[in-house]
Amino acid sequence: MSTKVFGILGWPIKQSASPAMMTATFRYLGIDAAYVPFPVQPSRLEAALRGIVALGIQGVNVTIPHKQNVLALVQETSDVAKLAGAVNLLRVDATTGEISAHNSDVIGWWKSIESHMTPFGQTVTLLGAGGGARGIVTGLALYAPQSKVKLVARNIDQLHKFQSDFGNYLSIEPIIWDKRHDAVHAADVVINATPIGMWPNDKVSPLEDPNCFRAGQVVQDIIYRPLRTRLLSQAESRGAVALDGLWMLVYQGAVALDYWLGVEAPIDVMRQAALEFVGAN
Ligand code: NAP
């Protein structure tokens with residue numbers, strides 16, 4: 001039997017920890033498969049999808065900037081991906097060449113936080129209203145619809161779009177960026193879904209005043225490079241529990257393994273491989 005090929009389409013792509021994590025996972029599980037980073041310019045996305053079908057590639061992850069554009073180019077989309085309005089996981093049917101699309105950020109995010117807190121907090125303050133935030137709000141709508149979400153962004157149109165897309169599923173209070181410290185102080189769970197604090201700009205935090213954090217909160221940064229962002233250090237300094245972004249990456253990878261191969265993920269092996277990648281870069 002020939003080697004199975006999987007990969008990730010993005011632009012740029014060399015920052016992704018997924019190739020290191022998935023390669024280590026295949027090796028650990030004894031699966032004869034490769035996971036390849038494919039740099040794909042936005043203008044070449046459609047051609048790249050024809051390419052993966054033609055080459056017999058069995059599945060790919062999709063990352064920035066393709067997560068939304070890919071929706072129009074696939075034959076089947078899961079309900080979760082439709083609700084999120086974004087896709088990050090594709091599977092090719094070897095017989096028909098049809099592509100199915102799913103969103104593993106949604107359940108990946110939920111598992112990353114659910115496994116660290118029981119019960120799940122009531123008030124959730126979410127910083128950012130981009131693709132990552134859409135996955136998180138979809139996860140809240142599906143798995144914790146009792147949550148009261150304080151959604152903080154600098155763009156009013158984005159805030160209104162979230163309300164119209166998700167307002168039927170859960171309570172979303174739009175909060176303008178300048179008011180973020182109060183919204184953070186009021187929350188049981190705080191999540192950063194902006195790129196503020198990501199390497200190489202890792203000296204900054206989306207929150208200037210660490211006194212907005214308090215003991216009893218769970219604070220998650222979905223950035224995973226650096227692992228310990230400034231935001232997480234601030235939160236821990238005030239007694240909050242800090243959760244790094246690598247957990248979300250690992251759990252979305254676990255969903256991909258199941259979607260492509262129906263195999264159970266070795267979470268610890270995946271996290272260790274991803275940690276080594278982050279530490280080595
Ligand atoms: P995105 O779609 O570009 O959204 C980013 C959001 O942050 C937007 O709402 C954006 O607002 C806001 N933002 C950016 N800079 C800002 C600033 N200086 N002040 C206030 N708001 C700002 O990006 P994304 O895909 O959601 O990714 C966000 C971060 O999450 C990235 O670091 C990414 O690597 C990480 N991520 C991690 C995982 C994981 O598995 N751990 C998964 C997905 C994403 P504007 O639209 O106004 O610019």
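Residues numbered from 1 in each chain as written. Predicted model: local features only at pLDDT ≥ 70, side-chain atom pairs only at ≥ 80, totals over all residues. Heavy atoms only, no water.

A. Fine view of the side chain of T77. By the secondary structure assignment, T77 is in strand β4 (residues 76-77). If near-sequence neighbours (up to four positions away) are discounted, T77 is found in contact with L71, K82, V87 and A101. (Helix = DSSP H or I, 4+ residues; strand = E, 2+ residues; numbered from the N terminus. Contact = heavy atoms within 4.5 Å.)

B. Fine view of the sheet that holds strand β7 (residues 123-127). With respect to topology, six strands assemble into an open sheet ordered β9-β8-β7-β10-β11-β12, the strand pairing being parallel. Because the sheet does not close on itself, it has two edges, and the strands there are β9 (171-176) and β12 (241-243). On average, each strand axis in the sheet is tilted by 20° relative to the strand beside it, whichever way the strands run. The sheet contact formed by strand β10 (residues 189-192) and strand β11 (residues 218-221) spans four bridges and is parallel. Residue pairing in the sheet places I191 in a bridge with Q220 of β11. Packing of helix α5 (residues 131-143) onto the sheet brings it into contact with β7, β8 (148-153), β9 and β10, and relative to β7 it is tilted by some 165°. (Pairing = 2+ DSSP bridges. Axes fitted to C-alpha atoms, helices over the stretch in contact; angles between N-to-C directions.)

C. Representation of the pairing of β11 within the structure. Side chains V218 and Q220 of β11 all project onto a buried face; the interleaved residues V219 and D221 project onto the opposite face, where all are buried too. Summarising the sheet, β11 and β12 pair through three bridges and their orientation is parallel. In the strand pairing of β12, V218 is matched with V241. Handedness of the crossover joining β11 and β12 through helix α8 (residues 230-237) is recorded here as right-handed. (Buried < 20%, exposed > 50% of the residue type's maximum accessible area, 1.4 Å probe, protein only. Right-handed = clockwise from strand over helix to strand, strands pointing away.)

D. Representation of the environment of I8 within the structure. Counting through the fold element by element, I8 comes out in strand β1 (residues 4-10). When its relative accessible area of 4% is taken as the criterion, I8 is described as buried. Spatially, the C-alpha atom of I8 lies 20 Å from that of V80, the residues being 72 residues apart in sequence. Setting aside residues up to four positions removed in sequence, I8 forms contacts with I13, S16, S18, P19, Y35, V36, P37, F38, N61 and T63.

E. Structural view of the environment of A86. Turning to its location among the elements, A86 is positioned in the loop between α3 (79-84) and β5 (89-92). Distance from A86 to N103, taken between C-alpha atoms, is 6.7 Å for residues 17 residues apart in sequence. Excluding its chain neighbours within four sequence positions, the residues that come into contact with A86 are K67, Q68, L71, A81 and N103.

F. Inspection of the packing of aromatic side chains at higher detail. Considering all chains together, one arrives at nine aromatic pairs under this definition. Note on F6 and F26: the rings are 5.6 Å apart at their centroids and 35° apart in plane angle, and the pair reads as tilted. Taken together, the residues F6 in strand β1 and F26 in helix α1 (residues 18-29) connect sequence positions 20 residues apart. Like F6, the residue F26 is buried in the burial classification. Both rings, one in F6 and one in W260, keep their centres 4.7 Å apart while their planes meet at 25°; by these two values the pair is stacked. Note that F6 is positioned in strand β1 and W260 in helix α9 (residues 246-261), a separation of 254 residues in sequence. On the basis of relative accessible area, F6 is assigned to the buried category, the value being 0%. Taking relative accessible area as the criterion, W260 reaches 10% and is therefore assigned buried. Grouping aromatic residues by their ring pairs yields a cluster made of F6, F26, Y35 and W260. The aromatic ring of W199 is capped on one face by R225, whose charged end is 4.2 Å from the ring centroid. (Phe/Tyr/Trp six-rings, centres within 6.5 Å; stacked < 30°, edge-to-face > 60°. Lys NZ or Arg CZ within 6 Å of the ring centre and 35° of its normal.)

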